[in-house]
Each structure stands twice: as C-alpha cells, then as structure tokens.
Amino acid sequence: GENVEQHPSTLSVQEGDSAVIKCTYSDSASNYFPWYKQELGKGPQLIIDIRSNVGEKKDQRIAVTLNKTAKHFSLHITETQPEDSAVYFCAASFDSGGYQKVTFGTGTKLQVIP
Amino acid sequence: DTAVSQTPKYLVTQMGNDKSIKCEQNLGHDTMYWYKQDSKKFLKIMFSYNNKELIINETVPNRFSPKSPDKAHLNLHINSLELGDSAVYFCASSPLRERGVMNTEAFFGQGTRLTVV
C-alpha cells in the first residue's frame with residue numbers, strides 16, 4: 001500500500017520567515033496531493049492541493065511543488081504569521097477500484113514565533 | 001451552515017462500555033469516512049462508505065461497527081471499549097468526483113475526543 005513520510009515533525013520559525021514541509025510517497029499511482037491544516041481542537045482543513053499533471057501551484061503565501069519522478073512534494077509558506085501555527089498534514093491519494101484511497105503523512109507541528 | 005457535524009464533541013466512559021458517535025453531512029457528498037487520530041496526531045483511516053456501502057475497512061477490530069442509514073449519515077458504534085480506544089475520532093466526507101475528476105478534497109468534522117477510563 002501507499003506510504004507517506006513527512007518531515008520535519010516539528011518546525012519553529014520566526015514570524016516573517018518561510019517554512020517548508022516535505023513529504024515523500026511510495027506508490028506511483030498516487031495522483032492527488034492535498035495539504036491540510038489542523039488548528040487546535042478542530043478538524044483538518046484543506047489549504048492547497050496539487051494534481052500529478054502539475055508541478056507547482058501557488059495561492060497567496062502558500063505554494064506546493066511536486067516532483068513525480070522523485071515522488072516527493074513540498075509545502076512552502078512565506079511571510080509566516082502567528083496564525084499559521086498549527087499541525088500540517090500532507091496526503092497522497094489514488095483511484096482504487098473506482099474509489100479514492102487517501103494516505104496521510106505523520107504531520108508537522110509548525111510554531112510561528114512572534 | 002453546510003458542514004460535517006459529529007456528536008458528541010467529548011465522550012468520557014469506562015472500559016467495557018458501548019458507545020456511539022454520530023456524524024451527518026449536508027454537503028451532498030457520496031463518500032464518508034471515519035478517521036482515528038492518536039495522541040501523536042497520526043491520522044489513520046478506519047472506514048470509508050460510498051452511498052451507504054462499505055468501501056474500506058482498514059484492519060479495525062470488529063468491536064467497531066459503522067452504520068450508514070443514508071448517504072448523509074455515518075455513525076460509529078464501539079463495543080467493549082478499551083483504554084487503547086482513547087483518541088480523537090474524525091468523520092469526513094468528500095464527493096466521489098468533482099468536475100469529473102476522481103480524487104477530491106475531504107471535509108472534516110470537528111472531532112470527538114473519546115477518553116476511556
């Protein structure tokens with residue numbers, strides 16, 4: 001089955017600096033890569049996603065890159081703000097018998113220090 | 001509000017008891033899920049249902065029995081609760097396809113923190 005590794009497990013940055021979280025996946029059939037943000041006491045919420053036919057996607061301060069050959073994808077947050085502090089999950093998804101099979105990474109706790 | 005809602009938010013119970021967690025989505029999605037998040041924040045899928053039909057059952061003990069009375073509801077019943085069942089349980093839903101594309105965003109509920117004592 002699919003295996004998603006995520007690094008680092010914790011990340012502290014100064015406000016205004018950039019944060020990068022990296023994930024690798026094992027199954028070349030994976031073709032959808034969402035990133036979720038989980039704030040304290042809440043459920044994960046999608047912040048950005050990328051499909052396998054795209055190498056990079058950007059949404060304001062957030063960008064995701066995908067290298068299909070190397071099977072890794074990364075989340076980049078620029079000009080970090082205290083409200084970016086949360087746990088971030090990457091995920092890899094593929095079509096399994098007509099249904100979506102999603103595997104999550106192990107999460108990265110991001111702390112933005114004011 | 002359109003959302004995935006699950007109840008209760010907190011559940012404290014003794015070992016050996018039976019409990020249920022309810023989940024409802026009013027997003028019109030075809031697929032619903034139950035995830036377990038342990039103390040280290042690992043998110044692991046337990047079950048996936050599509051239009052009331054079980055699609056995925058990820059090596060979950062048979063003390064856990066999901067029930068989907070209709071495609072908007074997916075409840076989780078747990079028998080003979082054990083200490084190791086303590087975790088946060090998340091319900092989620094997603095459309096089967098979006099603009100013809102299979103893999104799509106999942107919408108999560110707020111979670112149910114289950115504590116078994």
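Before any of the text, the structure's been laid out above.
Our subject in this report is the structure included herewith. Small disclaimer: the values here were computed from a predicted structure and weren't measured. (Residues numbered from 1 in each chain as written. Chains lettered and ligands numbered in written order. Predicted model: local features only at pLDDT ≥ 70, side-chain atom pairs only at ≥ 80, totals over all residues. Heavy atoms only, no water.)

Turning next to the overall build of chain B. A count of helical and extended segments in chain B gives 0 helices and 11 strands. Shown N-terminal to C-terminal, the secondary structure of chain B runs as helices and strands in the order β-β-β-β-β-β-β-β-β-β-β. Counting the 117 residues in chain B, one finds 46% classified as buried. Within chain B, residue pairs in contact and separated by at least 24 positions form 55% of the contacts whose partners lie at least 6 positions apart. Total accessible area on chain B stands at roughly 5,900 Å², and carbon and sulfur atoms take up 49% of it. In chain B, 14 side chains carry a positive charge and 12 a negative one; their mean positions are 4 Å apart. (Helix = DSSP H or I, 4+ residues; strand = E, 2+ residues; numbered from the N terminus. Buried < 20%, exposed > 50% of the residue type's maximum accessible area, 1.4 Å probe, protein only. Contact = heavy atoms within 4.5 Å. Areas by Shrake-Rupley, 256 points an atom, 1.4 Å probe, with all protein chains shown as cover. Lys, Arg positive; Asp, Glu negative; His and termini not counted. Charge placed at Lys NZ, Arg CZ, Asp CG, Glu CD.)

Each partner contributes to the interface: chain A provides 21 residues, whereas chain B provides 23 residues. Contact with chain B buries area across many residues of chain A, yet Tyr-99, Gln-100 and Phe-104 of chain A alone supply 29% of it, more than any other trio. Counting the contacts that link chain A with chain B gives 1 salt bridge. At the boundary of chain A and chain B, one finds 6 residue pairs in polar contact (both at pLDDT 80 or more). When residues of the side of chain A that touches chain B are traced back to their parent elements, those giving at least two are strand E4 (32-38), strand E5 (45-51), strand E9 (86-96) and strand E10 (99-104) of chain A. In terms of residue count, the dominant contributor to the side of chain A that touches chain B is E10 of chain A (5 residues). (Buried area = accessible area lost by both parts, 1.4 Å probe. Salt bridge = Lys/Arg side-chain N within 4 Å of Asp/Glu carboxyl O. Polar contact = N/O pair within 3.5 Å; in protein donor to acceptor, adjacent residues only side chain to side chain.)

All names here are of chain B. Taken in spatial order, the 4 strands of this open sheet run E1-E3-E8-E7, and their pairing is antiparallel. Among the strands making up the open sheet, the edge pair consists of strand E1 (4-7) and strand E7 (64-70). Between one strand and the next, the sheet's axes are offset by a mean angle of 20°, whatever the strand orientation. Where E7 lies against strand E8 (residues 73-78), 5 bridges are found, and the strand directions are antiparallel. By the bridge assignment, Pro-66 is partnered in E8 with Leu-76. (Pairing = 2+ DSSP bridges. Axes fitted to C-alpha atoms, helices over the stretch in contact; angles between N-to-C directions.)

A few words on the pairing of E10 of chain A. Residue and element names in this part refer to chain A. In E10, alternate side chains face the same way, and those of Gln-100, Val-102 and Phe-104 are buried while those of Tyr-99, Lys-101 and Thr-103 on the opposite face are not. The sheet contact formed by E9 and E10 spans 6 bridges and is antiparallel. The partner of Ser-93 across the bridge, within E10, is Val-102. Connecting E9 to the next strand, E10, in antiparallel fashion are 2 residues, including Gly-97 with a positive phi near 60°.

Residues and elements named next belong to chain A. Taken as a whole, this structure holds 2 disulfides over all chains when the rule is applied. Covalent S-S linkage joins Cys-23 and Cys-90, the inter-sulfur distance amounting to 2.0 Å. The chirality of the disulfide connecting Cys-23 with Cys-90 is left-handed, given an S-S dihedral of about -100°. Here Cys-90 lies in strand E9 and Cys-23 lies in strand E3 (residues 19-25), a separation of 67 residues in the sequence. Assessed through its relative accessible area of 1%, Cys-23 is described here as buried. The buried category is assigned to Cys-90, whose relative accessible area is 0%. (Disulfide = S-S within 2.5 Å.)

Side chains that differ in sign of charge can pair as their charged atoms come close. Counted by the stated rule, this structure contains 8 salt bridges over all chains. The partner of Glu-39 of chain A in a salt bridge is Lys-37 of chain A, and the shortest N-O contact between them spans 3.4 Å. Overall, Lys-37 of chain A belongs to the buried group, its relative accessible area being 15%. Here Lys-101 of chain A and Glu-58 of chain B are joined by a salt bridge, their closest N and O atoms 3.1 Å apart. Linking Lys-101 of chain A in strand E10 with Glu-58 of chain B in the loop between strand E6 (53-57) and E7, this pair reaches from one chain into another. By relative accessible area, which is 27% here, Lys-101 of chain A ends up partly exposed. Bridged by salt links that share partners, the residues Lys-37, Glu-39 and Lys-42 of chain A form one connected network.

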